[in-house]
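Here is how the chains run, residue by residue.
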Amino acid sequence: MNNKWLNYGGLILIAVVWGANFGISRLAMDSFHPIVFSFLRFGLAVPFFFLILKLTEGSVAIPWRIVPRLALIGLIGITLLEITVMYSIKYTTLANASLLNVAPWPIFAALFAPLFMKETITMRLIVGGGISIVGVCFVILGGDEGFSLSSENMLGNAMAFGVSIIGPLFNLSSMSLMKKYSALRVSTWTIAFGSLFMLPLTFGSWGQTKWSALNAGHYLSIGYNVLICTVLAFVLWNACMFKVGATRSNFFRYAVPAAAVVAGYLMFDEKIALLQMCGAGCMAAGLIWISIERKKRTEPALPSSNTGGQMI
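Cut-off values and rules
Residues numbered from 1 in each chain as written. Predicted model: local features only at pLDDT ≥ 70, side-chain atom pairs only at ≥ 80, totals over all residues. Heavy atoms only, no water. Helix = DSSP H or I, 4+ residues; strand = E, 2+ residues; numbered from the N terminus. Buried < 20%, exposed > 50% of the residue type's maximum accessible area, 1.4 Å probe, protein only. Expected span 1.5 Å × (residues − 1). Bend = angle between axes of the 7 residues up to and from the residue. Core = buried A, V, L, I, M, F, W, Y, C linked by side-chain atoms within 4.5 Å. Salt bridge = Lys/Arg side-chain N within 4 Å of Asp/Glu carboxyl O. Phe/Tyr/Trp six-rings, centres within 6.5 Å; stacked < 30°, edge-to-face > 60°. Contact = heavy atoms within 4.5 Å. Polar contact = N/O pair within 3.5 Å; in protein donor to acceptor, adjacent residues only side chain to side chain.

Novice: When you look at the environment of leucine 274 in this model, what are you seeing that I'm missing?
Specialist: You can see leucine 274 is positioned in helix 13 (residues 274–291). Exposure remark for leucine 274: the relative accessible area of 63% places this residue in the exposed category. Put simply, leucine 274 and glycine 142 are 132 residues apart on the chain and 7.7 Å apart in space, counted from C-alpha to C-alpha.

Novice: Sorry, what's going on with helix 4 (residues 67–91) here?
Specialist: Two residues of an α-helix separated by three or four positions point the same way, owing to the 3.6 residues in each turn. The terminal C-alpha atoms of helix 4 lie 34 Å apart, and with 25 residues this matches the ideal 36 Å at 1.5 Å per residue to within 8%. A maximum bend of about 30 degrees is found in helix 4 at leucine 81.

Novice: Help me out: how do you make sense of the nonpolar core in this one?
Specialist: One recurring pattern in soluble globular proteins is that nonpolar side chains are buried together. Grouped together as the largest cluster of nonpolar side chains are 41 residues, with contacts concentrated most on Phe32, Phe49, Leu70, Ile78, Ile191 and Phe234. Mapped by element, the contributors of at least two residues to this core are helix 2 (34–43), helix 3 (45–57), helix 4, helix 8 (154–177), helix 9 (183–198) and helix 10 (216–244). Looking at this core element by element, the count peaks at eight residues for helix 9. Among the nonpolar cores identified, the runner-up in size contains 38 residues, and Leu99, Leu172, Leu236 and Met241 belong to it.

Novice: How do you make sense of the pattern of salt bridges when you look at a structure like this?
Specialist: It is possible for side chains of opposite charge to pair when their charged atoms get near one another. Enumeration over the complete set of coordinates arrives at two salt bridges. Between arginine 41 and glutamate 82 there is a salt bridge, and its shortest N-O distance comes to 4.0 Å. Within this pair, whereas arginine 41 is found in helix 2, its partner glutamate 82 is found in helix 4, the two being separated by 41 residues in sequence. Glutamate 82 carries the same exposure label as arginine 41, and that label is buried. Here glutamate 57 ties to arginine 185 by a salt bridge, and the two come within 2.9 Å at their closest N and O atoms. Remark: arginine 185 occurs in helix 9 and glutamate 57 occurs in helix 3; sequence separation between them is 128 residues. Judged by its relative accessible area of 1%, arginine 185 falls in the buried class.

Novice: How do you make sense of helix 1 (residues 4–28) when you look at a structure like this?
Specialist: Taking 1.5 Å of rise per residue, the 25 residues of helix 1 would be expected to cover 36 Å, and the 36 Å separating its terminal C-alpha atoms lies within 8% of that figure. A maximum bend of about 30 degrees is found in helix 1 at phenylalanine 22.

Novice: Explain the packing of aromatic side chains to me, please; I cannot follow it from the model alone.
Specialist: Following the criterion strictly, the structure yields 12 aromatic pairs and no others. When the ring of tyrosine 8 is compared with that of phenylalanine 252, the centres are 5.2 Å apart and the planes differ by 20 degrees; the resulting orientation is stacked. Of the two residues, tyrosine 8 is situated in helix 1 and phenylalanine 252 in the loop between helix 11 (246–250) and helix 12 (255–268); the sequence distance between them amounts to 244 residues. In terms of burial, tyrosine 8 and phenylalanine 252 fall into one category: buried. Arranged with centres 6.4 Å apart and planes meeting at 75 degrees, the rings of tryptophan 18 and phenylalanine 234 form a pair that is edge-to-face. Placement of the pair is tryptophan 18 in helix 1 and phenylalanine 234 in helix 10, with a sequence separation of 216 residues.

Novice: Would you mind going over the side chain of arginine 41 with me for this structure?
Specialist: Under the relative-accessibility criterion, arginine 41 is labelled buried at 11%. Apart from residues no more than four positions distant in its own chain, arginine 41 is found in contact with Trp18, Asn21, Glu82, Asn225, Val226, Cys229, Thr230 and Phe234.

Novice: Please explain the environment of serine 187 as it appears in this structure.
Specialist: By secondary structure assignment, the location of serine 187 is in helix 9. Separated by 117 residues in the primary sequence, serine 187 and leucine 70 have C-alpha atoms spaced 9.4 Å apart. With residues near it in sequence (within four places) discarded, serine 187 still touches Phe49, Phe234, Val235 and Asn238. One polar contact links the side chain of serine 187 to the main-chain carbonyl oxygen of alanine 183, over a distance of 2.8 Å.

This is how it looks when you write it as structure tokens:
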């Protein structure tokens, strides 16, 4: 992917995939325990990642010296992040969780980026990002739930806000490794370690899943989560993010709530308010404004899989 518009298109595509998954996962939650469903999503994806890595790059090995780093990224970015997302939705409203999770994420990515990557914040990025933030707030607040500061939602609000801090750190730490290793290799091992750490948390939860109630729709939702939302999405997002830059690419996450609203309309007959449509227009304008900026630096090439060193 050398063409910037293909990279931007890839980011939008994955944002739509993740947004649609809100509706698909909601259908599955009637029968699955949330932690079990999260583990199945990532655990079942691991063999596919290793198979694709072996077929495309000829090996699956990584140097021993980066194992602790990848394990830590997997623990924080997969295990901790996914569980925090899950329980933030449980302990607050969907509107609160969406707003506090999505809106601050690119801001923290921009603040943390200098610690990991040589990225600059331009005026176009500030203006486009600001317009997008307004748009995503309209999309979320325009729904029936609105935003609530009730004391019963404070724990979930804090967890949702924590997601917007953990997520950028996960993205940026992964990007720094992509200077030497491919996005596929980094994604494969990160998700493998994250799934391994998530497994003990499922103990005691398997019996709470209504296995006898599972139908074709539930199995299709698992397939969508494993193959599309995880295998395809993680590799494509990381590859595009490496090309576009963490700060700029994370603003494209604002397409997730818009896609979730459309999914709610199509799957659950939820209404789309005028304010939400205006918000989607603002968000699209901001992202387009960000996209047409010309980058002054030369884009780095994706590294080869042969990095040397002792491997596992």
